[in-house]
Amino acid sequence: MSKCLICQALCEPFISFGKMPIANGFLTKEKFENEYFFEMKVAFCKNCGMVQLVEQPEKEKMFNENYAFFSGTSKNMAIHFKEFADHVVKDYIASKNPFVVEIGSNDGIMLQNFAAQKIRHLGIEPSANVAKVAIDKGINTISEFFDGELARKIVKKHGQADAFLAANVMCHIPYLHSVVEGIKILLKSDGIAMFEDPYLGDFIENTTYDQIYDEHVFLFSLFSIRYLFEQHEMELIDVEPQETHGGSMRYVIAHRGARPVSKNVFSQLEKEKKLGLDKEITYDNFRKNCEESRDALMSLLKDIKKQGKRIVGYAATSKSTTVINYCGITTEHLEFISDTTPIKQGKTSPGAHIPVRPYQEFLNNYPEYALLFAYNHSKEIMAKEKGFMSSGGKWIVYVPKVQVLK
Ligand code: SAH
Ligand code: TYD
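Throughout what follows, the structure given in this document is the object of discussion. Remember, predicted model here, so these are calculated numbers, not experimental data. (Residues numbered from 1 in each chain as written. Chains lettered and ligands numbered in written order. Predicted model: local features only at pLDDT ≥ 70, side-chain atom pairs only at ≥ 80, totals over all residues. Heavy atoms only, no water.)

An ideal rise of 1.5 Å per residue puts 26 Å on 18 residues; helix α2 (residues 75–92) measures up with 25 Å between its terminal C-alpha atoms. For α2, the complete set of buried residues consists of Met77, His80, Phe81, Phe84, Ala85, Val88 and Tyr92. Buried residues in α2, looked at end-on, bunch into an arc of 135°, giving them a common side. Opposite its buried face, α2 presents the exposed residues Lys75, Glu83 and Lys90, each directed more than 90 degrees away. Check the buried side of α2 and you find it contacts α3 (111–116), β9 (161–167), β10 (187–198), β12 (234–242) and β13 (248–255). The distance from a side-chain oxygen at the start of α2 to the backbone nitrogen of Asn76 is 3.4 Å, and the residue carrying that oxygen is Ser74. (Helix = DSSP H or I, 4+ residues; strand = E, 2+ residues; numbered from the N terminus. Expected span 1.5 Å × (residues − 1). Buried < 20%, exposed > 50% of the residue type's maximum accessible area, 1.4 Å probe, protein only. Arc of directions from axis to C-beta. Contact = heavy atoms within 4.5 Å. Polar contact = N/O pair within 3.5 Å; in protein donor to acceptor, adjacent residues only side chain to side chain.)

The structure is reproduced here in structure tokens:
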């Protein structure tokens, strides 16, 4: 039993993935001996609906000057964040000299769109190396962790904000009450908060268990987000489903009573009920689906290797750390993992220590099979990998089910 990070009720884990390393902790040989592991168990809180990690590494272990995830590695995500920024400006910002704050702003993939329009902005990004990329692009960024205390300092220095934005970072922060308190302090009376994260509904429907790793403390639903913000007299006023990261949800929040609540909120809450997101049995079934997926993937990889064929992992994503270590994938199955991020290349994957090599090596010597770890970028990847496919190369995917793509 553990205490819910949101409502303090006791909750029971429904799955353990076993010992897991830091998902973005790509490492060289000398570091193998001291590699950090934690027990990755996930619990569902019957009271407030929050799905959460029971144990999580300290934040500085994950977010520091060696952070390996650079948002700009996906062209489609750059388009996605331009559309997000345009939507905020067009539909939510009315004041003359607006101020926009984004947390987890990374290399500036979202804020660059505000900077280009000369809109006052501030990025909060604790991982100093990715923050530097943004600063070098002329995007105002401070390298700190956001919480209630930092919000007070920002208001003192810059005044209140018209918009608070966050993408794929709210679900990373265990001390969410302090973050929400900060949002409340930061926002003008008619200000809005918009954030998006992988969605619990998609996770359950598609068994995307790889969305669970050290950084992802929470999997949000409308139910749990509404509960959290209600504790701080704030209101969920709209939701916008997104295709990113294998299925995400964007939440729009305002001060209580400040704006009308869209009917989208009620219809999506109904869908959550139908999906059974409020029932323990749903999570028991999810665990069984994970086990089936794991067994199917391992027997497929073993079969292919028996035939003497080469398999290369495509994209050393954070998500792949969960898949590789939970399923027991090793260098016996994968020759290497191809990735475009320089900081990951020449290192090995966390836990299983599979070499990560530059993308060029994949291009220069196509394997028979590629295990697609970045299925969330499928469209972008399929468009650029026509050469691999016309050479007879085949894709192995595991979401929503294990299969070799025809
Ligand atoms: N928004 C980007 C980056 C997501 S990765 C995108 O969607 O592509 C999550 C980012 O949040 C990392 O860059 C990490 O350093 C940052 N982060 C983690 N905890 C944070 C906190 N408490 N406050 C602000 N940023 C945080
Ligand atoms: P993403 O799914 O965004 O990662 P995460 O699971 O960490 O959120 O994928 C980003 C990683 O995938 C990054 O290491 C770069 C790599 N990548 C490629 O190697 N090739 C590609 O074409 C794309 C889109 C990503």
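A few words on the site of ligand 1. Neighbouring residues of ligand 1: 20 residues in total, closest Ser71, Gly104, Glu125, Ser127 and Asn168. Burial of ligand 1 by the protein amounts to 97% of the accessible area it has alone, namely 570 Å². Partitioning the shell around ligand 1 into residue classes produces 13 nonpolar, six polar and one charged. (Near = heavy atom within 4 Å. Areas by Shrake-Rupley, 256 points an atom, 1.4 Å probe, with all protein chains shown as cover. Nonpolar A, V, L, I, M, F, W, Y, C, P; charged D, E, K, R; others polar.)

Now for the site of ligand 2. The immediate surroundings of ligand 2 are formed by 18 residues, with Ser318, Lys319, Asp339, Lys344 and Lys384 found nearest. At 2.4 Å from an oxygen atom of ligand 2 is found a side-chain nitrogen or oxygen belonging to Ser318. The contact in question runs from an oxygen atom of ligand 2 to an N or O atom on the side chain of Asp339, over 2.7 Å. Summarising the interface, the protein chains cover 97% of the accessible area of ligand 2, which totals 560 Å² for the free molecule. Contributions of two or more residues to the shell around ligand 2 are made by α11 (318–327) and α13 (378–384). If one sorts the elements of the shell around ligand 2 by residue count, α13 sits on top with three residues. Of the residues that constitute the shell around ligand 2, the class distribution is five nonpolar, eight polar and five charged.

Turning our attention to the side chain of His80. Assignment of secondary structure puts His80 in helix α2. Not counting chain neighbours up to four residues away, the residues in contact with His80 comprise Glu196, Gln242, Thr244 and Arg250.

Mapping Glu215 onto the fold places it in the loop between α7 (200–206) and β11 (218–219). Although Glu215 lies buried, it forms no salt bridge, and the closest oppositely charged side chain, Lys344, sits 8.7 Å away as judged by the N-O distance. Residues contacting Glu215, with those up to four places away along its chain left out, are Asn24, Gln56, Met62, Phe63, Tyr67, Cys171 and His172. (Lys, Arg positive; Asp, Glu negative; His and termini not counted. Salt bridge = Lys/Arg side-chain N within 4 Å of Asp/Glu carboxyl O.)

As a further point, take the pattern of salt bridges. Summed over all chains, the structure comprises 18 salt bridges. Where Arg152 meets Glu181, a salt bridge forms, and the shortest distance between an N and an O atom there is 2.8 Å. With a gap of 29 residues between them, Arg152 in helix α5 (residues 148–158) and Glu181 in helix α6 (residues 176–186) connect regions that are remote in the sequence. Judged by its relative accessible area of 47%, Arg152 is partly exposed. Given the relative accessible area of 30%, Glu181 is considered partly exposed. Arg287 serves as the salt-bridge partner of Glu291, at 4.0 Å between the closest nitrogen and oxygen.

Worth remembering: the numbers are spatial, not functional.
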